[in-house]
Amino acid sequence: MEHHSQTERHQGWKTSKSTDMIFRGITAACAALVLIVMAGIFASLLWNSLPSIRHSGISFLFSKAWDPVSNEFGALSSIYGTLMSTAIAMLLAVPLSMVIALFLVELAPPKVSYVVGSAIELLAAVPSIIYGMWGLFVFAPFMADHIQPLLSKYLGWLPLFQGPEMGIGMMTAGIILALMILPFISTVMRDVFAMVPDVMKEAGYGMGATTWEVTKDVTIRYGIQGMIGACLLGLGRAIGETMAVTFVIGNSSDIFISLFEAGNSIASRLANEFAEASDPMYMSALMELGLVLFLMTFGLQVVTQLWLKRVKRKMGGDLL
Amino acid sequence: MTAATDAAERLLRRRAAEVEEEDDDDNVRIDAFLHHFREEDKEDEAAPAKLSARNLNFYYGGQQALFENNLDIAEGKITAIIGPSGCGKSTHIRIYNRIFELYGNQRAEGEVLLDGKNLLDPGTDLIELRRRVGMIFQKPTPFPLSVFENVAYGLRLHFKMPKSELNGRVESALKKAALFEEVKDKLDKPGVALSGGQQQRLCIARTIALEPEILLMDEPTSAIDPVATRKVEELAESLKGNFTIAIVTHSMQQAARISDFTAFFYKGHIVEYGLTRELFTNPKQKQTEDYITGRFG
């Protein structure tokens, strides 16, 4: 019996070399798949947008004219809409998420933290079409009836808050987006804050710091990298979010200063127009829009990584 | 006076008598030698208590970790707290600055008198308490700030002062922590970029910059190398007098080297407490003797 199991184990070791090779091969292949898919998407986007690039040239990026009938394509209003709605969403969601995460980790009793935390995670599981429908049928009228009149009454001197109080538009899209990315940012931030070593916080409290001071000087500084990661995750979702935005952004091809006005985003335009793009040039222009979105997210990722590297060096590494 | 010194005297005189016939010079030398220790012991024993634990009990949830602890931390002296792992050493000193209260399920009962006032009173101002009672942790805990800002951290929290004064106090704290020469050219470098031993002394500088009355050290050398350990020990010795120091340590050698008083903890009880020289050479309790002779722990 003893002998038997010995040989069995020995054989196991022998084969383990080749299984290791197979294991390594499989994992490497899976990892490579990601790169291949990514490169493939980029290549096909580029290939399909070539006709449009040749047709419109650089003016594609700087013209807001979008007239498929006369083959005039400019992406400016879509780019602006994407950036603006994302900016509104981030402006609202990031501080709020941070506060929520800090509450869950630093201040809430464990039971409350568990219940609220789970609820927020559930929020992340709500399909975006639900947000879109709710946004259009419930939230937009509410905006029109209550929020927008209030804003134009008190902040109406700002061009941002002038114009028709219709409910749908850039601001509503941004708020819905904020709601959608909030759970992602706050749960990741919660995990980041929870990972800050207790002894670091104790050192802060041990110096006679208040909770607020420990939070801002120790917890946040310590978790900055993870926090930025959380924001990026939210940003990535917001910038490409399609369904909910398409429902509430209003789908106008114009650019308005006012956030009450309708607009469009790259994703919403694609969702709205793919079905009707019968002309090859029209199709190619939409592909180029997709390419722009792809490059925007990619560029954002690169810039953030570089910035993070700098932050890390400045603080001496050893951050989360 | 202390039995330990008396015992040493008997031993020395007998040795002297054995080696050669009675010699006055020898006796004079022995007298001088012992006199030094006796004076030291006398001075140590005369030091008033800065901090006194009275009938202190501590609970992690429903589990009691400390039992009726009574301990005086002498003013301006180093008091070592020794004992095997899990005996409640750290738990005990973590009551002194009420840092344990960060965790909801931990609870202390009894009294800890700081200059005669019970710091466990609900009315105690924790921020003020922690300014007066500083703490150094097992692992170096430099904040993600520059060397300078680390030391300035507490000063900025508690005081408003002009930049020039801040600079002066940071420099003086670094000097007291015997770190200034090593870091004077990298004050704006991140604190975490220093070596482990330097980081620990940085944390000490950060704490003493606030001029606390008491310095709690929770195994301050357990994460750093022997050379750095020696430096921290020398630092502790140089700081005593100005500061009252309570140091939890795993190393009996460390306790014997630097402390004036030692308390031996076992399973949450204080088994024995007294002058370090006394406790190590002439322990009164069997458990203490077993521990310091390495029979357990």
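What counts as what
Residues numbered from 1 in each chain as written. Chains lettered and ligands numbered in written order. Predicted model: local features only at pLDDT ≥ 70, side-chain atom pairs only at ≥ 80, totals over all residues. Heavy atoms only, no water. Helix = DSSP H or I, 4+ residues; strand = E, 2+ residues; numbered from the N terminus. Rg over C-alpha atoms; globule rule 2.2 N^0.38 Å. 1 Å grid on protein atoms, 1.4 Å probe; cavity = no way out; pocket = protein on both sides within 12 Å on 5 of 7 lines; lining within 4 Å. Points joined across faces, edges and corners; volume = space filled by probe spheres on them. Nonpolar A, V, L, I, M, F, W, Y, C, P; charged D, E, K, R; others polar. Buried < 20%, exposed > 50% of the residue type's maximum accessible area, 1.4 Å probe, protein only. Polar contact = N/O pair within 3.5 Å; in protein donor to acceptor, adjacent residues only side chain to side chain. Contact = heavy atoms within 4.5 Å. Pairing = 2+ DSSP bridges. pLDDT = per-residue confidence, 0-100. Buried area = accessible area lost by both parts, 1.4 Å probe. Salt bridge = Lys/Arg side-chain N within 4 Å of Asp/Glu carboxyl O. Domains from an automatic or database assignment.

Before going further, it helps to spend a moment on the overall build of chain A. Scanning chain A from terminus to terminus reveals 12 helices and 2 strands. For chain A, the N- to C-terminal ordering of α and β elements is α-α-β-β-α-α-α-α-α-α-α-α-α-α. In terms of overall dimensions, chain A is more spread out than a globule: its C-alpha atoms have a radius of gyration of 25 Å, far above the 20 Å expected for 320 residues. With the principal axes as the frame, chain A shows a C-alpha extent of 85 × 55 × 40 Å.

With that settled, the discussion passes to the layout of surface pockets. All names here are of chain A. Empty space within the largest pocket amounts to approximately 510 Å³. Elements that contribute at least two residues to the lining of the largest pocket include exactly α3 (76-107), α4 (110-124), α6 (170-195) and α7 (198-206). Here the residues of the lining of the largest pocket sort into 10 nonpolar, 3 polar and 5 charged.

In this section: the side chain of Lys201(A). Residues and elements named next belong to chain A. In this structure, lysine 201 sits in helix α7. Among the residues examined, lysine 201 registers a relative accessible area of 8% and is labelled buried. Side chain to side chain, lysine 201 and glutamate 106 meet in a polar contact 3.1 Å long. Beyond its immediate stretch of four places on either side in the chain, lysine 201 contacts Val105, Glu106, Phe193, Val196, Val214, Val218 and Thr219.

Bringing the pairing of strand β2 (residues 63-74) of chain B into the picture now. All names here are of chain B. Here strand β1 (residues 49-60) runs beside β2; their pairing, made up of 8 bridges, is antiparallel. Bridge pairing in β2 places tyrosine 59 opposite glutamine 64. Where β1 folds back on β2, the antiparallel hairpin that results is connected by 2 residues, among which glycine 61 adopts a positive phi of roughly 60 degrees.

With that settled, the discussion passes to the sheet that holds strand β4 (residues 106-114) of chain B. Taken together, 4 strands build an open sheet; the order of strands is β2-β1-β4-β5 (chain B) and the sheet is antiparallel. Looking at which strands have only one partner, the edges of the open sheet turn out to be β2 and β5 (117-118) of chain B.

On to the confidence of the model for chain A, then. For chain A, the average pLDDT comes to 87, and 93% of its residues sit at 70 or higher. Looking over chain A, one finds the lowest element-wise mean pLDDT in helix α1 (residues 2-56) of chain A, namely 81, and the highest in α3(A), namely 93.

Our next topic: the interface of chain B and chain A. Counting residues at the interface gives 23 residues for chain B, matched by 23 residues for chain A. Contact between chain B and chain A buries roughly 2,000 Å² in total, counting both sides, with carbon and sulfur atoms accounting for 70%. The largest contributions to the chain B side of the interface with chain A come from Phe143(B), Pro144(B) and Tyr153(B), which together make up 27% of the buried area. Its salt-bridge partner being Glu202(A), residue Arg94(B) comes within 2.7 Å of it at the nearest N-O pair. Put simply, chain B and chain A have 4 residue pairs in polar contact (both at pLDDT 80 or more) between them. Of all elements in the fold, only α4 (126-132), α5 (147-158) and α8 (196-208) of chain B reach the threshold of two or more residues within the side of chain B that touches chain A. With 4 residues, the top contributor of residues to the side of chain B that touches chain A is α5(B). Its residues assigned to classes, the side of chain B that touches chain A shows 15 nonpolar, 5 polar and 3 charged.

The subject of this paragraph is the domain arrangement of chain A. Residue and element names in this part refer to chain A. Domain boundaries assigned for chain A yield domain 1 (2-56) and domain 2 (75-315). Computed from C-alpha atoms alone, the centre-to-centre distance between domain 1 and domain 2 is 34 Å. Taken together, the contacts link 12 residues of domain 1 with 10 residues of domain 2. Counting the surface lost from both domain 1 and domain 2, the interface buries some 960 Å², and carbon and sulfur atoms represent 79% of this. Of all residues in domain 1, the largest losses of buried area upon contact with domain 2 belong to Phe42, Leu45 and Ser52, amounting jointly to 45% of the total for that side. Counting every contact that joins domain 1 to domain 2 gives 0 salt bridges. Taken together, the links from domain 1 to domain 2 amount to 4 residue pairs in polar contact (both at pLDDT 80 or more). When the residues that make up the side of domain 1 that touches domain 2 are grouped by side-chain class, the tally is 8 nonpolar, 4 polar and no charged.

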